[in-house]
Amino acid sequence: MRMLKMAAAVVVLFAGVIQAMVAVPQSRAASSQPYTWANAEIVGGGFVPGIVYNQSERNLVYARTDIGGAYRWNPTTKRWIPLTDWINATDWNWTGIESLATDPVEPNRLYLAAGTYTNDWTSANGAILRSNDKGNTWSRTDLPFKLGGNMPGRSMGERLAIDPNKNSVLYLGTRGQGLWRSTDYGVTWAKVTSFSAVGNYTDPYFGDRTGVVWVTFDPRSGSNGSASQVIYAGVVDTTTSIYRSTDGGATWAALAGQPTAGYFPHHATLASNGMLYITYSDTPGPYDGGKGDVWKYNTANQTWTNISPIPSSSADDYFGYGGLAVDAQNPNTLVVSSLNSWWPDALLYRSTDGGATWSGIWSWGNYPERIFRYTQTISTAPWLDFGGTANAPEVAPKLGWMIGDIEIDPFDSNTLLYGTGATIYGTSNLTAWDTGGTVDLDVRAHGLEETAVLDLISPPSGANLVSSLGDIAGFYHTSLNVAPSWSNGLQLGTSTGIDFAEKMPTTMARVGYVSEGSTTKKLACSWDGGKNWSHASSEPTGAVGGGKVAVAADGANLIWSGTSAPVSVASGCGNSWTASAGIPSGAVVVADRVNAKTFYGIAAGSFYRSTDGGLNFSLVASNLPAETTKIKAVPGIEGDVWLAGRNDGLYHSTNGGTSFSKIAGVQVANVVGFGKAAPGQSYQAIYITGTIDGAEGFFRSDDGGTTWVRINDDQHQYGSTNETITGDPRIYGRVYIGTNGRGVIYGDIAGSTPTTTPAPATATATSVPATATSAPATATATRVPATGTPTFVPATNTPTATRVPATATATRVPATTTPTALSLTPTPTSVPTATSTPSAGGCRINYAVNQWNTGFTGNLTITKLGAPISGGWTLTWNFANGQTISSSWNTVLTQTGTAVTAKHSADWNATIATNGTQSFGFIASHNGSNAVPTNFVLNGVACSVAP
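As a convention, each chain's residues are numbered from 1 in the sequence order in which they are written. Note on the predicted model: pLDDT of at least 70 is required for a residue's local features to be given, and 80 or more for side-chain atom pairs to be given and counted; whole-chain, interface and lining totals, by contrast, use all residues. To obtain the side-chain values, all non-hydrogen atoms of the structure were included, while hydrogens and water were left out.

Q: Explanation requested: the overall build of the protein in the structure shown.
A: Only DSSP runs of H or I covering at least 4 residues are called helices, and only runs of E covering at least 2 are called strands; the numbering of each starts at the N terminus. A count of helical and extended segments in the protein gives one helix and 72 strands. Note on exposure labels: buried denotes an accessible area under 20% of the residue type's maximum, exposed denotes more than 50%, and partly exposed covers the range between, all computed with a 1.4 Å probe on protein chains only. Counting every position in the protein, which comprises 947 residues, the buried fraction comes to 62%. Two residues form a contact once any of their heavy atoms are found within 4.5 Å. Within the protein, residue pairs in contact and separated by at least 24 positions form 58% of the contacts whose partners lie at least 6 positions apart. Put simply, the protein shows about 32,000 Å² of open surface, and 51% of that area lies on carbon and sulfur atoms. Using a 1.4 Å probe, accessible areas were evaluated by the Shrake-Rupley method; residue-level cover was limited to the displayed protein chains.

Q: Help me understand the state of the cysteines, please; the structure alone is not making it clear to me.
A: The term disulfide refers to a covalent linkage connecting the sulfur atoms of a pair of cysteines. In plain terms, two cysteine sulfur atoms within 2.5 Å form what is called a disulfide here. If you walk through the whole model with that rule in mind, you get two disulfides. Note that Cys525 is cross-linked by a disulfide to Cys573, the S-S spacing being 2.0 Å. Between Cys525 and Cys573 the disulfide shows an S-S torsion of about 95°. By sign, it is right-handed. Of this pair, Cys525 sits in strand 41 (residues 523-526) while Cys573 sits in the loop between strand 45 (568-571) and strand 46 (577-579); the two residues are 48 residues apart in sequence, bridging distant segments of the chain. The pair Cys525 / Cys573 is uniform in exposure class, with both members buried. In the protein, the bonded cysteines, numbered by position in the sequence, are linked as 1-2, 3-4.

Q: It is not clear to me how the pairing of strand 65 (residues 874-878) should be interpreted in this structure. Could you clarify?
A: On any regular strand, side chains alternate: one points to one face of the sheet, the next to the other face. The two faces of strand 65 differ: Leu875 and Trp877 on one face are buried, but Thr874, Thr876 and Asn878 on the other face are not. Two elements, strand 65 and strand 68 (residues 899-903), share five bridges in a ladder whose sense is antiparallel. Among the inter-strand pairings, Thr874 is bridged to a residue of strand 68, identified as Lys903. Strand pairing requires that DSSP identify at least two bridges connecting the strands.

Q: I tried to follow the confidence of the model for the protein on my own but got confused; where do I start?
A: Low pLDDT marks stretches whose predicted atomic positions should not be read closely. A residue-level look at the protein finds 87% of positions with pLDDT of 70 or above and a mean pLDDT of 88. pLDDT measures the predictor's confidence residue by residue and takes values from 0 up to 100. Every residue in residues 1-28 is under pLDDT 50, and counting partners more than four places away or in other chains gives 75 contacts. Every residue in residues 761-840 scores below 50 in pLDDT, and together they form 226 contacts with partners more than four places removed in sequence or on other chains.

Q: How should the pairing of strand 60 (residues 731-738) be read in this particular structure?
A: Most of strand 60 is tucked away, with seven of its eight residues classed as buried. Joining the antiparallel neighbours strand 59 (residues 725-728) and strand 60 is a turn of two residues. Judged from the four bridges that link them, strand 60 and strand 61 (residues 744-749) form a sheet pairing that is antiparallel. In the strand pairing of strand 61, Ile737 is matched with Ile745.

Q: When you look at the environment of Thr375 in this model, what are you seeing that I'm missing?
A: On the secondary structure map, Thr375 appears in strand 31 (residues 374-377). By relative accessible area, Thr375 is classed as partly exposed at 34%. Excluding residues that lie within four positions of it along the chain, Thr375 makes contacts with Thr438, Val439, Asp440 and Leu441. Only 2.7 Å separates the side chain of Thr375 from the side chain of Asp440, close enough to count as a polar contact. The definition of a polar contact used here is a pair of N or O atoms within 3.5 Å, where within protein one atom must be able to donate a hydrogen and the other to accept one, and adjacent residues in sequence count solely through side-chain atom pairs.

Q: Is there a simple way to explain unusual backbone geometry in this structure?
A: Excluding glycine, residues mostly have negative phi values, and the peptide bonds linking residues are mostly trans. That bond from Gly157 to Glu158 is cis: its omega, 15°, falls within 30 degrees of zero. Mapped onto the fold, Glu158 is located in the loop between strand 12 (138-142) and strand 13 (160-162). Of note, the amide linkage connecting Ala392 to Pro393 takes the cis form, showing an omega dihedral of 15°. Residue placement: Pro393 occurs in the loop between strand 31 and strand 32 (405-408). In this structure, Val43 is a non-glycine residue whose phi angle is positive, near 75°.

Q: Sorry, what's going on with the sheet that holds strand 27 (residues 348-351) here?
A: Backbone hydrogen bonds hold the strands of a sheet together, and the pairing may be parallel or antiparallel. Taken in spatial order, the four strands line up as 25-26-27-28 in an open sheet, and their pairing is antiparallel. Looking along the sheet, the strands with just one partner apiece sit at the ends: strand 25 (321-326) and strand 28 (359-360). Direction of pairing for strand 27 relative to strand 28: antiparallel, over a ladder of two bridges. Each residue of the ladder has a partner; that of Arg350, found in strand 28, is Ser359.

Q: Would you mind going over the sheet that holds strand 23 (residues 292-298) with me for this structure?
A: Spatially, four strands are ordered 21-22-23-24 in an open sheet, and the strand pairing comes out antiparallel. Each of the sheet's edge strands pairs with one partner strand only, and the pair in question is strand 21 (264-270) and strand 24 (303-306). Each strand of the sheet is rotated relative to its neighbour by a mean of 25°, with strand direction disregarded. When strand 23 meets strand 24, the two strands line up antiparallel, connected through four bridges. Residue pairing in the sheet places Asn298 in a bridge with Thr303 of strand 24. Each axis is a line fitted through C-alpha atoms, and for a helix only the stretch in contact is used; angles between axes span 0 to 180 degrees, taken between their N-to-C directions.

Q: In this structure, what is going on with the pattern of salt bridges? I would like to understand it.
A: Two side chains with opposite charge may pair up if their charged atoms get near one another. Whenever Lys or Arg places a side-chain nitrogen within 4 Å of a carboxyl oxygen from Asp or Glu, that contact is recorded as a salt bridge. Counted according to the given criterion, the structure contains 22 salt bridges. One salt bridge connects Asp208 with Arg175, and the closest N-O pair in it is separated by 2.5 Å. Taken together, the residues span a long stretch of sequence, with Asp208 in the loop between strand 16 (190-191) and strand 17 (212-217) and Arg175 in the loop between strand 14 (170-173) and strand 15 (179-182) at a distance of 33 residues. With relative accessibility at 6%, the residue Arg175 sits in the buried group. Between Arg593 and Asp499 there is a salt bridge, with its nearest N and O atoms 3.3 Å apart. On the criterion of sequence distance, the pair formed by Arg593 in the loop between strand 47 (588-591) and strand 48 (599-603) and Asp499 in strand 39 (residues 495-501) is long-range, its members being 94 residues apart. Accessibility assignment for this pair places Arg593 and Asp499 in one class, buried. Several salt bridges converge on common partners, so that one network encompasses Glu98, Arg159, Arg175 and Asp208.

Q: Can you help me understand the nonpolar core in this one?
A: When a protein is soluble and globular, its nonpolar side chains tend to lie buried together. Of all hydrophobic cores here, the largest spans 80 residues; its most connected members are Trp80, Trp383, Tyr418 and Ile424. Ranked by residues supplied to this core, first place goes to strand 25 with four residues. Sequence-distant contacts of Trp383, that is, excluding residues within four places in its chain, are made with Ile42, Val43, Gly45, Ala422, Ile472, Phe475, Pro484, Ser485 and Trp486. Within the second largest apolar cluster, 25 residues are counted, among which are Tyr847, Ile862, Trp877 and Phe920. What makes a nonpolar core is a set of buried Ala, Val, Leu, Ile, Met, Phe, Trp, Tyr and Cys residues whose side-chain atoms join them at distances within 4.5 Å.

Q: I tried to follow the packing of aromatic side chains on my own but got confused; where do I start?
A: Pairing of aromatic side chains requires ring centres within 6.5 Å, counting the rings of Phe and Tyr and the six-membered ring of Trp. Pairs whose planes differ by under 30 degrees are stacked, by over 60 edge-to-face, and all others tilted. Inspection of every chain in the model, using the stated rule, returns 40 aromatic pairs. Judged by centre distance (5.7 Å) and plane angle (80°), the ring pair of Trp383 and Phe386 falls under edge-to-face. The partly exposed category is assigned to Phe386, whose relative accessible area is 29%. An aromatic cluster is built from Tyr847, Trp873, Trp877, Phe879, Phe920, Phe922 and Phe936, whose rings are joined through pairwise contacts. Remark: a charge is flagged as sitting over a ring if the NZ atom of Lys or the CZ atom of Arg is within 6 Å of the ring centre and within 35 degrees of the ring normal. The ring centre of Trp362 lies 4.4 Å from the NZ or CZ of Arg370, which sits over that ring.

This is how it looks when you write it as structure tokens:
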């Protein structure tokens, strides 16, 4: 146990015009208590950009994720084992895995290229994490540049590669920093100065140079202990993308005769027969890609062959190729995937003759009929149908999207795995494809939990946990060990906030985002504890989605806050809205858990209170920590409020926010929550994530914040845990913690058998006066690093002679304020649609966009109001603000300057009946302005634009 002793002092805190003087007592600080930790089972929930099989040990396979770390497959339990849960809050950037390599010579060796962002969301550089025991323990080498595990192009690869002949030699392809090499098992690294290519492509979202994306060795060019001489490298470049070395990396040259269409090489596999297979797409992905090809390079006679299932020259190709799997047992057998075929579904193709012929996993019958060569089971993750039933030709669930990697087990030709934007699918009867049978697909993401958790509640009755998640809305968790179904009636994509009425806990509300162009409101309510949801009939003026919601203690009204729109109050489930007075936009509001008329708000260090149900707020305190909006009211005690001040510590008010006391010894408090009181105590147990006594971790106090116990250990830290936390009002010691990429973590006291006891209808906790105030400035001025992790070795210095400085200089986002961006799937920004009135005849265009930073997607629906079109259609328009389209789907689209021409892409969408529709879409960039076009012309007839 580490002890922190502090002398008594008198500290003055100013809260508005109120001066509070409280003595600082002797602090009894953080001991520790063993806990057991597990995930609330969801199964997947995020993008899996890479799956890597070891080539010499059966059943040794790894998965990397973009924000949730790395995993190893357990063939006995058929679950993934997390390998990076030891990463703490300071080093959260390592949870994005840019690349992974497993050693074919010494299979115990494992390497991760760790680093999430190259943009200004972090100032941290990347690192190479090294393990000699398959990921059980780790050492690290810091790199002098950033890595981008959650940046565009993250499913290309693998960037990390181990020489199969001399496994002390590794290569690393980087983003804009060229090619790097290690000759000592990854301990030190140096730039390969003879490799000058860095790639000329920068993505339109963040201006990131995607760079060198894969390295492949020819094992025939070396021998055991002698380095391979022939090495290939792929670069994201519009002119020259494939390079080769024939002298062990000493010199490099562009590979002669390579494709020059300007497409980018996503994956390359050198088969045992000397054929180098490569998949190409016109963007790095993973969200987009409108054209692509598959090529084969014969290393014996140095010839190239386009073997695309659907070549880019065809009007039927509206997607790029991402995943590539070559059967190690049969080098002429391969499977490729569309990177993104959003409609009607993804495409997988298989060839058994080296790409001369292909068969698809589905094909068209008589439209809208499709002929399926697969079955798909999601019984162990039933939410994957997203609660919907699809209209033909679409089906639910889908095969997937963002299929950037697909792999055949090198020891078993029947086993295949592929990652999607939501899960991992796999099969154990792949070769049935070749004999006219059906391939049986099922979910294979068990143990891999990758959701970004934005809010959690644990009501006193009903399900113990109801969640709000990025991308997949959130769930009613009837069991923590079984993946839930999609919540009935819920149409949110991302759900950012959730709350329940303390005195009527079956009444709940949640807010978030819906699909761009949808008329569904972004607020939903439940009256049965979260099983079923109904969306509101109206929204407040200026509603933009997202934010937080607070439900009055009696459920009579609610407040939507935390967005750029005005804080607004409504009766029922948004029946009518009124802008709250006296509180700024952007403030976050919570409800008092006893008095139904009282709400509290915080913004920029100022604390507000309403006593009339949220209609009017008054400023009651100021000079609080400005960087936080994390406030919570204690169940059962009116006016009892806690504030997690991040780097400024933890604060407590017992008078409705009129004054706050600072809790001694708590240096960092990211989030705060409450659960069932300890035996013999009347005040609820308090939970935080943060730093106490110089140690990062998760902490519980059973005596109102006077003493604390650390409840996690250094092997269970989970990266970023600064968004949400709650105890369980029915189970003492139970805590639920939201992570940014590792799902919902819950903990119980080790050795205990959690039993649920009903919480009282009206909690009977009594107020515990705040007896601790500010620690001295030296205790909170800077973050004290956590004590060393027993299984982690400090970094080995990278040689300075050949270091290339990182190009990024931004210092935004300190370690304790990790962005909770969701797998880098940009949050939709509403762009107004045109307001012209549709004419009575001709045609009408519905134009909707999903916009972020300098990128956007456009979705267009043509409605034919006059005579039908049967011989094909052409739609033209002009952009007004320099928008540039990079890819499209369901159309053949060209752009010359500002002029855009879109045509039908195939026979199936060449006709439009009277009052019928055809839809297509595209991905584009803009320069800050993005006006909706108004000059659409269909087959020579001007169209109106729907409001």
